[in-house]
Structures are given as structure tokens and as C-alpha cells.
Amino acid sequence: MSDLVRPRILNILVDGRPGTRTRALQIGNLEFEVVDVILGSGSAWLLLLKALFIPRRFGQFDAVMTSEYFSSFAINFRLLATLCPTPHITVGLNQSRQLLKSGHAAIDGAINRIFGRGDLYIMHSRKELDLFNRIHHLNLEKLMFSHWGFDHPGVGSDTFRTWPRPYVCLVGRNNRDVDLFCQVCRQLDCDGVIVCSSHQKMPQELPGNVHVFRDLDMERAMSCIKHALANLILVKDGERGAGHITAVAAMLLETPQIASTVEVLSDYLIDGYNCLAVPIGDADAIRDAIAAILSAPDMSAELASNGREYAGRWLSHQAATERVFAAVHKILCGESVQAVDPEWLRYFSSVSKPRPNL
């Protein structure tokens, strides 16, 4: 293990072409050597096996980082099985897929002990901290909230710039209420555009003004958000992740947003400040919010402007990376990590004010 002048971090990723790369990372006056091991895509169990048998000796690193639920479990298991003391930090567990939970007390207790080997879990909303802890019962000192980081998306292929009619959009792969969106659009004098995965189920009869695009690349999805009257984030429930990247992208593109009132989104989308919040499943409230955005251009512009300011200050890739690696450094130094950044919490409280009824 190296000293803390330039800690070596093994960073296990799941997206991208499988392979390995080494890079230097400078965060303020801290410098890290990061070895990225990219597992590639695959089923949950395949990712678990890939992570479990990574041909690296974890003891040669100052810390191991993971960013996916099953690979996090695998690394914890391997660290326990080999009695390796290297700290393990997991960032951004998306809990919308299958969970390691059997319903049997003894098995779930063993699973929870394995997750308990992790030194720090960094989630992208305070609600997700609560959800993860309710499932796996971790020491609260091992939990930290840090916003998702995302830089201004390029829109090179501006597909939707010439869309023939005004439209609202619903973009996302997980936990999106497509049926509600279609119900809302039936009574709108504009189009509705859905961008989703190839596996997303649709109503048997789509309204004539609703158009579906499956598996669009990032540029085209961003073009859809950029030119929409409003970006709608309508979720089925508040007990899963909600795709924060869509919310942050719309802020950076200065598109007004309407979002379900759920805690997994409330750290990003603040009612009356950078979005209009609506109750889950309330089609009338959604239509009222759309009408408010169309009839009050000054309010719409303010929501968009506030979103851009909020994203620029708290949600950039640089800001997110600095928060995460400052926490990693504290773990390596044996220091405690604050669950929530007090500076952000003060800012959040200052802009979270009740808005007048629409």
C-alpha cells in the first residue's frame, strides 16, 4: 500500500468496453492514481461474477471503489473472504433493478453482513440512503449523500429542432409512468414524446399525438429535452431511483420541468424554484402545471434559469467528483464523513419555499 501523498484507487466500473486504464486525478491539493477496471455490460449475476474474479490484488491499493449494486456486493464478499483490510467505497447504487433480498432472516442477515463490510456508501439522493439502509441495515456512519454530477450535454445531432408541433416529453428507462403521460396527453393541444428503452411496455392504444422513440442515443435524447415545452418526470412510485441524469440534463439545457412529488427527486427538483411538482398519479395537476408553464412565460423562464444556476453550482461532474474524492480521502485518513453537505443544506433550505397555487 502506498502512502497518502498519492493514493492508489482501484475503480471498478460497469459501463463501456471492458478494459483497464490508469489516470492521474487532481482534486484541489489532493492527487490520486486511479486504475479504472471496466467490466462492461451484462446481467446482474454476470457483473457479480466479473467483479468477484477481477485479476487484481486489492491489497496493492489504498482503496477500492465500485458503482453498481451487484459488483459492490461481490467486492465486499471478496474482501471479507480474503481478510483484506483495503477500504471499499461504493458510489451511486441504482436500486431500480433486482435486489439481493430473499425474505429469509438467516440469508438476508448474511447478505447484510457482507454489505456491512463496505466502508462508505455514497447515494445520489437522501431518499436512496434511506431506502438502501432499510433494505440492508447499515451503520449510519457509512452513508453519505452526494448529488449526481453531469456536464452540459452536447446536442450535435439536433433531431428535434424541426419537430412540427410543440411538445412535452417523458425521457427515461426506469420508473416512468408512461400510462399517466399518455392519459395527460390525450387532452393536450400539443404532442407528447416518449424516449424509453426497447423493453418499455406501452398502452395498447396510444393517443394520436403521442410519439415513442426507443433506445435513442444520448445526443438525440438531449435534443428531445432541449426543444420541449417542458420535461416531465412522472414516476410510478417514490421507492426506487428516478433517473437523476434526466433532471440534471434538462436543467443544463434550460428546459422547464414538471416532476412527481417524491423524495428521490426533491434534492434536485425543488417545487417553485426549478420545477413545478405534482402528486403521483394526478393527471389534472399535471395538465394544470403544463397550462401554467404555457401561460406564464416569465415563470417558465425563471424555473429554467434557476435550474441552470442550481446545476452549475451543485451538479457538475467536477463538483460531484470533488465531493466523492474528498470523502475517499477522509476514509483513508480515518476521519468521519458527514452524511449531508451542510453548505448545500443551507442553500436548499433557502430556496425551498411554498409556491402559490397555480
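Report on the accompanying structure. This is a predicted model, so every value here is computed, not measured.

## Notes on helix α11 (residues 317-332)
Then, number 1: Its 16 residues give α11 an end-to-end C-alpha distance of 22 Å, which sits within 8% of 22 Å, the value for a rise of 1.5 Å per residue.
Then, number 2: All of the buried residues along α11 are A319, A320, T321, R323, V324, F325, A327, V328, H329, I331 and L332.
Then, number 3: Two residues or fewer after α11 comes G334, characterised by a positive phi angle close to 75 degrees.

## A word on the pairing of strand β1 (residues 8-13)
Then, number 1: Among the 6 residues that make up β1, 5 are buried, leaving the element largely enclosed by the rest of the structure.
Then, number 2: Across 6 bridges, β1 lies against strand β3 (residues 30-38) in parallel orientation. Across the sheet, residue L10 finds its bridge partner in β3, namely V35.
Then, number 3: Sheet analysis places β1 next to strand β4 (residues 63-66), joined by 4 bridges and oriented parallel. Along β4, the bridge assignment pairs L10 with V64.

## Description of the sheet that holds β4
Then, number 1: Taken in spatial order, the 7 strands make up an open sheet running β2-β3-β1-β4-β5-β6-β7, and their pairing is mixed. Two strands lie at the open edges of the sheet, namely β2 (19-27) and β7 (143-145), each paired on one side alone. Pairs of neighbouring strands in the sheet enclose a mean axial angle of 20 degrees, with direction left out of account.
Then, number 2: The sheet contact formed by β4 and strand β5 (residues 88-91) spans 3 bridges and is parallel. Its bridge partner being in β5, V64 is matched across the sheet by H88.

## Concerning the environment of V171
Then, number 1: When you line up the elements, V171 lands in strand β8 (residues 167-171).
Then, number 2: Among residues more than four places away in sequence, those in contact with V171 are R176, V195, C224, I225, N231, L232 and T246.

## With respect to empty space enclosed by the protein
Then, number 1: Tallied over the full model, the rule gives 2 cavities of 30 Å³ or more.
Then, number 2: Of the volumes computed, that of the largest cavity is approximately 40 Å³.
Then, number 3: Along the walls of the largest cavity sit F145, S146, H147, W314, R323, D341 and W344, which together make up its complete lining.
Then, number 4: Considering only residue class, the lining of the largest cavity consists of 3 nonpolar, 2 polar and 2 charged.

Parameters and conventions
Residues numbered from 1 in each chain as written. Predicted model: local features only at pLDDT ≥ 70, side-chain atom pairs only at ≥ 80, totals over all residues. Heavy atoms only, no water. Helix = DSSP H or I, 4+ residues; strand = E, 2+ residues; numbered from the N terminus. Expected span 1.5 Å × (residues − 1). Buried < 20%, exposed > 50% of the residue type's maximum accessible area, 1.4 Å probe, protein only. Pairing = 2+ DSSP bridges. Axes fitted to C-alpha atoms, helices over the stretch in contact; angles between N-to-C directions. Contact = heavy atoms within 4.5 Å. 1 Å grid on protein atoms, 1.4 Å probe; cavity = no way out; pocket = protein on both sides within 12 Å on 5 of 7 lines; lining within 4 Å. Points joined across faces, edges and corners; volume = space filled by probe spheres on them. Nonpolar A, V, L, I, M, F, W, Y, C, P; charged D, E, K, R; others polar.

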